[in-house]
Each structure stands twice: as structure tokens, then as C-alpha cells.
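Report on the structure
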Amino acid sequence: MEPTNDRNPDYYHKVVDCQWACPAHTDVPGYIRLIAQGRFDDAYMLNRESNVFPGILGRTCDRPCEPACRRTRVDGSPVAICRLKRVAADLKGDVSERLPAIPSQKNGKRVACVGAGPASLTVANDLLPLGYDVVMFEQYERPGGLMRTNIPEFRLPEQVLTDETQVIIDMGVDIRYNSPIASMSNLLNEGFDAIFVGVGAPRGKELHIPGRHEETGDSHIFIGIDWLESVAFGHVDQIGERVLIIGVGNTAMDCCRSSRRLGGVDIKVMARRPREYFKASPWELDDAEEENVEIIVNHAPKRFVLENGILVGMEFDVLSWNENASKSEILETVFLPCDDVILAIGQENAFPWIERDLGIEFGEWDVPIVDDVTFESTLAGVYFGGDAAFGPKNIIWAVAHGHEAAKSIHAHCSQLDVRDREPLTMTLESTKMGMNEWRYHNDYNPSSRQKMNHVELSKRFASLELEVELGFNPEQTAREVQRCLNCDIQTAFQAPLCIECDACIDICPVQCLTITENGDEDALRARLSAPALNPAQALYVSAALPQTGRVMVKDENVCVHCGLCAERCPTSAWDMEEFELRIPYAGDSGLLTIPVRRSAKSVSEVR
Amino acid sequence: MTSIAKPVIPLVALPKNELGLSIRDYEGAISTLCAGCGHDSVTAAISHAFWELSTPPHMIAKLSGIGCSSKTPTYFVRGAHGFNSAHGRMATIATGANAANRELTYIGISGDGDSLSIGLGHLAHAIRRNVNMVYVIENNGVYGLTKGQFSASADIGSRLKKGEANAMAPIDPVLLSLSMGATFLARSFSGDKAQLVPLLEAAVAHNGFALIDVISPCVTFNDHEGSTKSYRFMREHEVKEIETDFVPIRKEIRRSIADNDATEVTMHDGSVVRFRSVPEGYDPYDRQKVEDYIRTRQDRGEIVTGLLYVNEYAADVHALNNTPLQGLNSVPYEKLCPGSDALTKMQQSFR
Ligand SMILES: Cc1cc2nc3c(=O)[nH]c(=O)nc-3n(C[C@H](O)[C@H](O)[C@H](O)COP(=O)(O)OP(=O)(O)OC[C@H]3O[C@@H](n4cnc5c(N)ncnc54)[C@H](O)[C@@H]3O)c2cc1C
Ligand SMILES: Cc1ncc(C[n+]2csc(CCOP(=O)(O)OP(=O)(O)O)c2C)c(N)n1
Ligand code: SF4
Ligand code: SF4
Ligand code: SF4
Ligand SMILES: [Mg+2]
């Protein structure tokens, strides 16, 4: 193999499994170390830079980082990254001084954001410090989007949500509540320099089976996201005792748990497929089951059963699936009585307010054609992000889209090519403090994953607002932070210094180092000290070693970043170096003609 | 010494030997030697060899004298018996232990100082007695532990770190042992586990005294330009014309397949040492030829490594002394020490 190019930031970035998996590339090990030191403000601010809503995300994030976490490959369960994020947010002090400064002198550019969800708020967060005027149109009277209207308060307390959304609005967003945009054409005519569409995917999917539209009185069949919204706004405050939830995604989980708090007793979540195909995150399923919600697999809805125009239950086909659940056969049909049904089978985009003759092209499924790098639509100056861009995802993706769209808007307003993206860069800095002393805690800690404590079941349903998760206590936090393997503290190798003494190879506790003749990747993978069986993880291959011309090969898969290789190396050919990913945000490019990020000075002054 | 002990990582699946043990079960305490010391690599090779042979840890006895090298038994096979003796006395303790319990596998670790200066007499007699043991000399040309004075294995002209050159002729433990009738002689290099591990395994299988002289650089005091026992010097001057495979008993041939006419030595336990390549005219049973070969190469400034000489048919210490088949430790006390009556009787017989 060719020697690994470790000057390409992607190489080390990929080693930090959590950061690589995070859509916003949050510096997870960095903030966990800050928490370990009790520096909660610093940890919060480091988080905020990339993910903008640490308090919200510390409770609700979909956490793609956790399944990726290296710790899983080492002891079976990931670091509780999300819970630690919440610790920083809960324990931080007043950080208002440290928020981006907003220049009093504006740059003369006006940007419209449609919707006040996390995507739009991120755009505002990134553009306001650059001197933009941001006008945000929201159809409802509160900001937050689905985070407010759909995520129940027992998961996300209203205060946490309000604090973090308000911070951005207080940066100077010209927010217009109760202002649904009904015509894109009119909006375009208002002369904004750019428009960001962050309206989400607001339409809940229908279930077209017999009986759906035959109720004569008040309907007892609800669309999940609309029902949750009504609950959030206080329009709905009770439900029947027997509730069927159709679908088994995260929306279904919020519907069943909300039902439990509004009078539901016998609550069943009805799934068509076996458990391993559920869309809901495993922890949401656990939480629902803890609240005695029954999850029933292999039941396909067949029809709503009505008596005298009143819903009395539903019929389901009981299915038997083949091995990979691609084919099913009907075993029998069963009837389940119920008082209410909530449909939670998915969301769709809907853009009835965007005229189709404006140059904004729509593709298949009637969704706009959006560039997945620049988030620009086919009409220059109009950007889409969050659930509005590529269909329903989650908050952290909405934030990631927001950052990228803000960069595009800034480039567009500076008459630069939006396709010229500033690359990700990195810094690497030795953590060596002295003989076998490092700036990080290198010992492996055998603690197992800390379990989140919940409010007791007997007290939990007193109100819809009572937050279920109690957060980590100090002991749990202290143990959990030490489970992080510091994957950003990289083993950096300098081939010219190696004398091939084998010391690093002998000491490595996971046998991930080998000195061998070079060869192609498959050959190398097979002949390492311990064969490298996880092709998703890279092999590091050094330049030819000075004494024998062989190469040092490292399998990144289960390196625990213990630093023993560097401690044993007599020549410091190995060093433990802190990798920091530099993520460019709007305004970080020196090329732009309008004021630079987080500074009231113009570019010419800065130069 | 490292700041932390080598951690055990639960999910990292390391291969298991016939006893169900992983190599981690053949490790010992964390080494306190200098980072990069050749001795640590020899330690790793020993762990590997015993692991691969599936020797039960409690059936191993590890012995040593004094020196950095002599500290290393602490760093391998923590479950083995051990004896850290006085400077240069490892061979004598090993001889006694072997007499008492012939069931164990004995491995002695020594240094060039420990073996070739203060312990030379004891080494000589262990060879003479053909004590059934593996005797490893971790040879770095200096007294590492006492801060790098020349040892008796330092080559003429080799320099200390500060520049002084050695003027005295070295003692070569291989040539010395060859002339004294040793029955298994090998030389190797700490930086070459591919060679060292099978040599150690063959040495364990050998019936009698098996000496391996391992050039093992002292990174702190003898790894500089003027040294003839440095990593670089070894890489430039090592000659590996003699290549052997070790085929353990009851195992398929794992290492590369040999020619049909390769020389094979069947060890007493049934395992096989197979010479994959030897220089033309070389005969690993012929002392005279072996000595000529080593000397000729030495005169050219080359260091030959590999299994240099083997004689599997010589009588070992037990055969020579006609000891009982079970270890002395399991002979009933009354038999071992028949009492004063028996003594008097014996003395009478000499009158
Ligand atoms: C029940 C449920 C639970 C969820 N739980 C989680 C979770 O735990 N974690 C997670 O990460 N994600 C979760 N999600 C997904 C997450 O909420 C969304 O992916 C995210 O909020 C999308 O953000 P956005 O900014 O794109 O849009 P949205 O949050 O949908 O915000 C869009 C905003 O635009 C407004 N708007 C729409 N049309 C117009 C218009 N024409 N004019 C003016 N304003 C308009 C809306 O009122 C809304 O305020 C959940 C989703 C649902 C439905
Ligand atoms: C009786 C006695 N004499 C002298 C010493 C001092 N001494 C300790 S170690 C050592 C030499 C060790 O050299 P070597 O066996 O080559 O081991 P190395 O440290 O080089 O591995 C000496 C002379 C001693 N400990 N005991
Ligand atoms: S830091 Fe070095 S010694 Fe530790 S696991 Fe990684 S490669 Fe092995
Ligand atoms: S410890 Fe250092 S010098 Fe020795 S082999 Fe490893 S990298 Fe090379
Ligand atoms: S002094 Fe030399 S022999 Fe002793 S531990 Fe250090 S490197 Fe090894
Ligand atoms: Mg020595």
C-alpha cells in the first residue's frame, strides 16, 4: 500500500468515530474531557459551536455518534455521549458573554428564513454575527418547530427549549410569529438577498383503508404529528382508555407515551414487521415499554371497525414473515377493540405555497431539487435545509444543513461561487508533558456504561411536563467521562525515527501494530499481529522504515489510545497528538467581502 | 517504565492456545526497563513461544541472576515458578532445581555480564552436566544495570557512548559452549521474532542444555554509532544463511514447506526441527565445521544467526547421573534420606 497521507484531515477525523458519524462533527472527546475537568461552560461552548442546541440535543438527539463509538468495539456499549452533553448544558453557568458578538453596523444584506425550526435558527445563528438582517417567518406563535410542537415536554422541558431558541432570537432575529408564508412568489418580490426555506416536513401520512373516513361524529382517528401538536398547544388534554398506535417509529413512541399521560391505560403500538426492523431508536422503545406500553409485532392494519358511525376497534392481518422480512403471508385476521387510533406511519414534505413557475424545480415525489452540498435550489439565492430539504431526518441533521446553507448564503451575498467550499482542516499538537506524562488521562477505565435514572413510574404520569430522565448524578458523570477513549488523541508516527526495536508492538494491549513487508491491503490485513477484520476501519501504513525498508502498519479498529506505544518508543517515533478538526462556518473564509464572523471589523481592517 | 499497566480490553478477541489461554496469560508484570530495550522484545518472544507451545504456566520455572536481563523473568509468564538468584549463580540454582524436579521446563535468563564474567564458571559446569534447560543470554555488550561498562562480550574496537574503545578480546558464548560440548547452540537477534520464537520453541523441546545467545541492544548505553551490538549494526551485519522451522509434536506443518531433502532432527518429545536452508557444506552435527563456519564469518565482520549446532542424542544431566525417573522431590523422604544407620553402613563399606 501507499503510505497513509495523515496530512489529509479525513484520516484522523475518521479515527474519531463519534465525530465522524455526527452530522455536525461535534468534537465529542474534546467536550467530554472538559466535563471531566468540571469545565462545564467550556464544554457547552465547544458543543454549541457545531451543534448549536446542546441542552436540547443532550436530551433528544438521535445520536448517530453512539452506535459508531469505539467503546462499543471494546466493551460492548458506547459512551453515553448524549447524556454527557446534557450534563454540560445543565451545569453550565451564564455563558451570555461568550455568545457570538453581533455587530451594530449591519452589512446591508437581508435574508428571509421561512419557519423557526432548528434549521432556520442555525442559519440565523451563523449569519447574524456577520451583520446580516435576518427576518424569520413562522406560522405559529412560538419558535422551535417540531421541537416545540411534537417532542413532548416529558422528554424536552419547555424551559430548555425556550432558553436555547431565545438566545438566537435575541441575537437580533426580526421574527414574525403567526406569519405563514402562503406564496413564495410574493416572498421573492420582497427583495431579500437570499431566502432559506426551513419549513420541515409537515404532513403526516394517511392510512387509506376501509373505514377511515366513515365516522359520523367527532373523529377518534388522529394523525400522529397533528395530534402531538394539539397536545403541545393544549388543544387536546385527554384520550380514551384503549389506544392503538399504528406504526413503530419515534413519532409512535411519543404518541404512546403522551397517551399514557392523558388517560390511556391499554395502549398498544402496532407494528407490521418484526422488532429488528423497527425504526424507533432502541432507547425510545425501552422507555415506552417501561411505561407498560405493549408493542405488538407482525400486525398489518386491515380496516377500521365502526358501529353506528363510531369507532369501536380495528382489524389486523397477522403476518408471518420470511427470514429477511421481505415477504409475508397472512396467518389470520384479528379484531382489537379501541377507543382511539393514532396514525404514526411517517411524514411527508408539502410545499403548496411554492408556485411551480418560479424556477424552483421539483423532482420526484414533488420535492424540490436541492444540492446536497450547497443546499441551493435550482433558483440561485433560494436554499432549503432541515426536513424541508431531503425529507424527515432529525435535529442534528437540520443543524448541519443550517450551517452549510448559511455558508452558501454568505457566499451568494458576497457574489462568490457557492460551490467553492472552504475545506475542513486540522491541527495536531503533541500532548506530551514530560516523561510518560500526557495532557490527557491515558489509562483504560473498565467502568461499564452508566444507566440513566428515571422518575419512578408511580410519580411519572402526574403531568405531561414532568421530565422523565433525571440526568446523570456526579458519580455517574465521573465514571462515564472516563469511558471515553480519547480517540482524538492520535497515534502520530514518524517513520524516519523508528529503529524497529518492536517495543511498541510488544506493549500494545490490543495487538494493533505490526512491522512487516509492505503489500496490498488484503495481504496486509491478513498478516498483522492480529488480523484486521473490520474493513470499515482504516489501516495506517508508514513510509519505508530506515533500517529494513519494512513498514509500520496500524489497524485503527480497536486502538484504545492508551499511549503505551508512545511511552515505550525509545525514539519518540510514536507521539500522542491531539487532533482538532477545524470546521469552516459562514464567514470563516478570508476571501469574503463583507465583515468577518464574530467580529465587527470589516475584512479590510482584519487584513 | 510506562505510566500505566497494560490494560485488559474485554472484547478484543485474542487467539487461544490448546489450553484455552491467550498470550496475555503468558505475560508478566509491566517492564521497568528502558523504553526500546532489546530485552523486552526477548520477553515478548518467550511469552509467545510458551503460549504457542501451550506449556502450562505452572509447569515452567524461570530463573535468573543479576542485571537488566536478569530482571526480565518478572515480565513473562506470571503463573510460572521463579528464582532470582545472586549475580552469576542462575546456572547453579537451575542445576539444583532440575535435580529436584525434572518435570518442569526450565528457562534461565542471563546477561553477557552475568554469564561471561562473574558467572562463567557456573555456566561452564551447567554445559558440562548437560542440564536440561533453556539458557538465554540477552547479550548487549555492556553491563546495562550498572550504567553501561563494557562486558566480556564487547568486540575489540567497539566504543562506549563517550568514545572509549574496547581493547580486550571478546568471549563468544557460542564458540565457548561449542568447545565445551554443549548440545544445542543458537544465536539470534531481539529484533527478529520470526527467527527467535521458533528457536526458543526448539530449545524447549531439546533434551539437554540449550543455549541461545540473543543479541539484544541496550538502547540507553550501547545503541550508538560505534557500537557493534546496536539495532543498526545487527541489521547491517547479521547473516541468516541457516534457517530452521520448528514443527511441534502433533501439529501440522505451519511454517513454509521445506524441500524434500531438508535435514530434519526429531526431538525427544517427537517434535521436529527442520533445516530449511544451510550454507553449502554446512553440517549442524559437525562441531568442527560449525566452528570453522562461525569463525570465518566472524573474521569477515559478520554475525551468523540461527540454530548453529544440535546434538539430540547426548546424555542429559539425569542420564549422566543415573537419577530416578521421578523428580527427587517426589521420592519418599525415607528413601532420599535412609537415616544414620544406613550412613554408618555405607561408611563401613569403605573401610
Ligand atoms: C414526534 C416527533 C418526535 C421527534 N423527536 C425527535 C427527537 O427526539 N430527536 C430528533 O433529533 N429529532 C426528532 N424529531 C425530528 C425533528 O423534530 C425534526 O427533524 C426537526 O425538527 C426538523 O427541523 P426543521 O428546522 O427542518 O423543521 P421543523 O422543526 O419542522 O420546523 C419547521 C417550522 O416551520 C414552520 N412552517 C412550516 N411551514 C411554514 C410556512 N409556510 N410559513 C411559515 N412557517 C412555516 C413550522 O411551523 C415549524 O415551526 C421528531 C419528529 C417528530 C415528528
Ligand atoms: C556479586 C555482584 N557483583 C557485582 C554486581 C553489580 N552488577 C550488577 S548487574 C551487573 C552486570 C550486569 O550485566 P549483564 O548481565 O550484561 O546485564 P544487563 O544489565 O546488561 O542486561 C553487575 C556487575 C552485583 N550485583 N553483584
Ligand atoms: S495507543 Fe498505541 S499501544 Fe495503545 S492501543 Fe493504540 S496503538 Fe496500541
Ligand atoms: S517503539 Fe518506536 S522505535 Fe521501536 S519499533 Fe516502535 S516505533 Fe519503532
Ligand atoms: S539500561 Fe540498557 S539493558 Fe538496561 S533496560 Fe535500559 S536499555 Fe535495557
Ligand atoms: Mg549486558
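By convention here, each chain's residues receive numbers from 1 onward along its written sequence. As a convention, the first chain written is A and the first ligand written is 1, with the rest following in written order. Predicted model: local features are reported for residues with pLDDT of at least 70 only, side-chain atom pairs are reported and counted for 80 or more only, and whole-chain, interface and lining totals are derived from all residues. Only hydrogens and water are set aside when side-chain values are computed; all heavy atoms of the structure are taken into account.

**Points about the pairing of strand E10 (residues 243-247) of chain B**
Residues and elements named next belong to chain B. To keep things clear, this is the line we draw: Burial classes follow relative accessibility: with a 1.4 Å probe on protein chains only, a residue under 20% of its type's maximum area counts as buried, one over 50% as exposed, and anything between as partly exposed. Labels follow the DSSP assignment, with helices taken as runs of H or I lasting at least four residues and strands as runs of E lasting at least two, numbered in each case from the N terminus. Strands pair, by our definition, only if DSSP identifies at least two bridges between them.
In terms of burial, E10 is largely enclosed, as 4 of its 5 residues are buried. Pairing of E10 with strand E12 (residues 272-277) involves 5 bridges; the strand directions are antiparallel. When the bridges of E12 are listed, Asp 245 appears paired with Arg 274.

**Overview of the coordination of the magnesium ion (ligand 6)**
Residue and element names in this part refer to chain B. What counts, and what does not: Any nitrogen, oxygen or sulfur atom within 2.8 Å of a metal ion counts as a donor, with the limit raised to 3.2 Å for Na, K and Ca, and since water is left out, coordination shells can look unfinished.
Distances from the magnesium ion (ligand 6) to its protein donors, Asp 112 (OD), Asn 140 (OD1) and Val 142 (O), fall at 2.1 to 2.2 Å. Look at where the donors of the magnesium ion (ligand 6) fall in the sequence and you get D-x27-N-x1-V. The class for Asn 140 is buried, based on a relative accessible area of 4%. You can call Val 142 buried: its relative accessible area is 2%.

**Focus on the interface of chain B and chain A**
So the rule is basically this: Any pair of residues with heavy atoms lying within 4.5 Å of one another is described as a contacting pair. Summed over both partners, the accessible area (1.4 Å probe) lost when two parts come together is defined as the buried area. The salt bridge definition used is simple: a Lys or Arg side-chain nitrogen within 4 Å of an Asp or Glu carboxyl oxygen.
Contact residues are listed per partner, giving 29 residues for chain B and 32 residues for chain A. With both chains or domains summed, chain B and chain A bury close to 2,500 Å², and 59% of this area falls on carbon and sulfur atoms. Interface area lost by chain B to chain A is led by Ile 4, Ile 9 and Arg 235 of chain B, which between them contribute 22%. Between the two partners, chain B and chain A, sit 3 salt bridges. Across the pair Lys 193 of chain B and Asp 502 of chain A runs a salt bridge whose closest N-O atoms are separated by 2.9 Å.

**Some remarks on the site of ligand 3**
Definition in use: Near, as used in this document, describes a residue that has one of its heavy atoms within 4 Å of the molecule or strand being considered. As a working rule, the residues Ala, Val, Leu, Ile, Met, Phe, Trp, Tyr, Cys and Pro are called nonpolar, Asp, Glu, Lys and Arg charged, and the rest polar, with Gly in that last group.
Around ligand 3 sit 14 residues in total, of which Cys 508, Cys 559, Cys 562, Gly 563 and Cys 565 of chain A are the nearest. Classifying every residue of the shell around ligand 3 by side-chain character gives 10 nonpolar, 3 polar and 1 charged.

**Thoughts on the confidence of the model for chain B**
Residue and element names in this part refer to chain B. Stated formally: Each residue carries a pLDDT score, the predictor's own confidence in it, on a scale running from 0 to 100.
Scored by pLDDT, chain B has a mean of 93; 96% of the residues are at 70 or more. Counting interchain partners and residues more than four positions distant, the pLDDT-below-50 stretch residues 253-260 has 15 contacts. This prediction of the complex comes with two scores: 0.90 for pTM and 0.89 for ipTM.

**Some details on the pattern of salt bridges**
Residues and elements named next belong to chain A. Tallied over the full model, the rule gives 61 salt bridges over all chains. Residues Asp 174 and Arg 176 are paired through a salt bridge, measuring 2.9 Å at the closest nitrogen-oxygen approach. A relative accessible area of 33% places Asp 174 in the partly exposed class. Using a relative accessible area of 31% as the deciding quantity, one classes Arg 176 as partly exposed.

**A short note on the side chain of Asp 506 of chain A**
Note on placement: Asp 506 of chain A falls in helix H20 (residues 503-507). Setting aside residues no more than four positions away along its own chain, Asp 506 of chain A makes contact with Lys 6, Asp 40, Ser 41, Ala 44 and Lys 193 of chain B.

**Considering the pairing of strand E7 (residues 242-246) of chain A**
A regular strand carries its side chains on alternate faces of the sheet. All names here are of chain A. Rules: When the strands point away from the viewer and the path from the first strand over the helix to the second turns clockwise, the crossover is right-handed.
Among the 5 residues of E7, 4 are classified as buried, and the element is accordingly described as predominantly covered. In this sheet, strand E8 (residues 266-270) lies alongside E7 in parallel orientation, the contact comprising 5 bridges. By the bridge assignment, Val 243 is partnered in E8 with Ile 267. A crossover connection joins E7 to the parallel E8 through helix H14 (residues 250-261); in handedness this β-α-β unit is right-handed. The pairing of E7 with strand E13 (residues 340-343) spans 4 bridges and is parallel.

**Comments concerning the confidence of the model for chain A**
Within chain A, residue pLDDT values average 94, and 97% of them lie at 70 or more. This stretch, residues 590-607 of chain A, has a pLDDT under 50; its non-local contacts, to residues over four places away or in other chains, come to 40 contacts.

**Quick notes on the side chain of Lys 268 of chain A**
All names here are of chain A. Under the convention used in this document: Polar contacts here mean pairs of N or O atoms no more than 3.5 Å apart (in protein, one a potential hydrogen donor and the other a potential acceptor; neighbouring residues in sequence count only if both atoms are side-chain atoms).
In this structure, Lys 268 sits in strand E8. Overall, the relative accessible area of 15% leaves Lys 268 in the buried class. Side-chain polar atoms of Lys 268 contact the side chain of Asp 266, separated by 3.0 Å. Ignoring sequence-local partners within four residues, the contact set of Lys 268 consists of Val 243, Leu 244, Ile 245, Glu 294, Ile 296 and Leu 336.

**Thoughts on the domain arrangement of chain B**
All names here are of chain B. Here is the rule: Domain start and stop positions are those given by an automatic or database domain assignment.
By domain assignment, chain B separates into domain 1 (23-242 + 280-321) and domain 2 (252-277). Each of domain 1 and domain 2 has a C-alpha centre, and these two points are 23 Å apart. Across the contact, 16 residues belong to domain 1 and 13 residues belong to domain 2. For the pairing of domain 1 and domain 2, the buried interface totals around 1,100 Å² over both sides, and the portion due to carbon and sulfur atoms is 62%. Looking only at domain 1, the three residues that lose the most surface to domain 2 are Ala 205, Tyr 285 and Glu 312, adding up to 35% of its buried area.

**Focus on the sheet that holds strand E22 (residues 551-555) of chain A**
Within a sheet, adjacent strands bond to each other through the backbone by hydrogen bonds, running parallel or antiparallel. Residues and elements named next belong to chain A. Heads up, the rule is: Axis lines are fitted through C-alpha atoms, for helices just across the contact stretch, and the angle between N-to-C directions can take any value from 0 to 180 degrees.
The strand order across the open sheet built from 3 strands is E20-E22-E21, with neighbouring strands paired in antiparallel fashion. Only two strands of the sheet have a single neighbouring strand rather than two, namely strand E20 (513-516) and strand E21 (539-541). Strand-to-strand, the axes of this sheet are offset by a mean angle of 20°, without reference to chain direction. Note that E21 and E22 share 3 bridges and pair antiparallel. From the neighbouring strand, Tyr 540 faces E22, where its bridge partner is Lys 554.

**Observations concerning the domain arrangement of chain A**
Residues and elements named next belong to chain A. Domain boundaries in chain A define domain 1 (9-97 + 445-483), domain 2 (99-202 + 349-413), domain 3 (204-346) and domain 4 (489-582). Here the C-alpha centroids of domain 1 and domain 2 sit 27 Å apart. Contact with domain 1, which involves 28 residues of that partner, is made by 26 residues of domain 2. In total, about 2,200 Å² of surface goes out of reach between domain 1 and domain 2, with carbon and sulfur atoms giving 67% of it. For the interface between domain 1 and domain 2, the tally reads 0 salt bridges. Inspection of the domain 1/domain 2 interface yields 10 residue pairs in polar contact (both at pLDDT 80 or more). Going through the elements one at a time, helix H4 (40-51) and helix H5 (54-60) are the ones with two or more residues in the side of domain 1 that touches domain 2. Counted by class, the side of domain 1 that touches domain 2 contains 16 nonpolar, 5 polar and 7 charged residues.

**Quick look at the environment of Gly 163 of chain B**
All names here are of chain B. Of note, Gly 163 is situated in the loop between strand E6 (149-150) and helix H6 (173-179). Judged by relative accessible area, which is 27%, Gly 163 ranks as partly exposed. For the pair Gly 163 and His 206, spaced 43 residues apart in sequence, the C-alpha separation works out to 42 Å.

**Some remarks on a nonpolar patch on the surface**
For the record, the criterion: Patch rule: a residue counts if its relative accessible area is over 30% and it has no salt bridge; like charges are joined within 9 Å, and nonpolar side chains (Val, Leu, Ile, Met, Phe, Trp, Tyr) within 5 Å. All accessibility values rest on the Shrake-Rupley procedure with a 1.4 Å probe; residue burial counts only the protein chains present in the view.
Residues Leu 343, Met 346 and Phe 350 of chain B make up a contiguous nonpolar surface patch of roughly 340 Å² in combined accessible area. Position of Met 346 of chain B among the secondary structure elements: in helix H12 (residues 340-350).

**Brief notes about unusual backbone geometry**
The general pattern is negative phi for most residues beyond glycine and trans for most peptide bonds. Residues and elements named next belong to chain A. The backbone of Asn 298 shows a phi angle near 60°, a positive value even though the residue is not glycine. By the element assignment, Asn 298 lies in the loop between strand E9 (294-296) and strand E10 (299-307). One non-glycine residue with positive phi stands out, namely Asn 308, at about 50°. Here Asn 308 falls in the exposed class, since its relative accessible area comes to 75%.

**Considerations on the environment of Ala 165 of chain B**
Residues and elements named next belong to chain B. Inspection of the secondary structure assignment puts Ala 165 in the loop between E6 and H6. Residue classification places Ala 165 among the partly exposed positions, given a relative accessible area of 41%. Along the primary structure Ala 165 and Asp 155 are separated by 10 residues, whereas in three dimensions their C-alpha atoms are 9.2 Å apart. For Ala 165, the residues in contact, after removing those within four places along its chain, are Phe 150, Gly 157, Ser 158 and Arg 159.

**As for the environment of Ala 99 of chain B**
All names here are of chain B. Topologically, Ala 99 is positioned in helix H3 (residues 90-100). Accessibility expressed as a relative area gives 31% for Ala 99, which makes it partly exposed. In this structure the C-alpha to C-alpha distance between Ala 99 and Tyr 231, which are 132 residues apart in sequence, comes to 38 Å. Apart from the residues lying within four places of it in its own chain, the contact partners of Ala 99 are His 318 and Leu 328.

**Things to note about the packing of aromatic side chains**
Under the convention used in this document: Working definition: a ring pair exists when centres of Phe, Tyr or Trp rings (six-membered ring for Trp) sit within 6.5 Å. Plane angles under 30 degrees give stacked, over 60 give edge-to-face, the rest tilted. When the NZ atom of lysine or the CZ atom of arginine is within 6 Å of a ring's centre and also within 35 degrees of its normal, the charge is said to sit over that ring.
Scanning the entire structure with this criterion turns up 13 aromatic pairs over all chains. Plain terms: the ring middles of Phe 375 of chain A and Phe 390 of chain A are 5.9 Å apart, the flat faces sit at 55° to each other, and that makes the pair tilted. Linking Phe 375 of chain A in the loop between strand E14 (347-348) and strand E15 (382-384) with Phe 390 of chain A in helix H16 (residues 387-390), this pair joins segments that are 15 residues apart in sequence. A residue is classified by how much of its surface remains accessible, and Phe 390 of chain A, at 36% relative accessible area, is partly exposed. Site record: aromatic cluster; members linked through ring pairs are Tyr 11, Tyr 12, Phe 493, Tyr 540, Trp 574 and Phe 579 of chain A. A cation over a ring is seen here: Arg 261 of chain A above Phe 154 of chain A, with NZ or CZ 3.8 Å from the ring centre. Cation over ring: Lys 62 of chain B sits above Phe 76 of chain B, and NZ or CZ is 5.5 Å from the ring centre.

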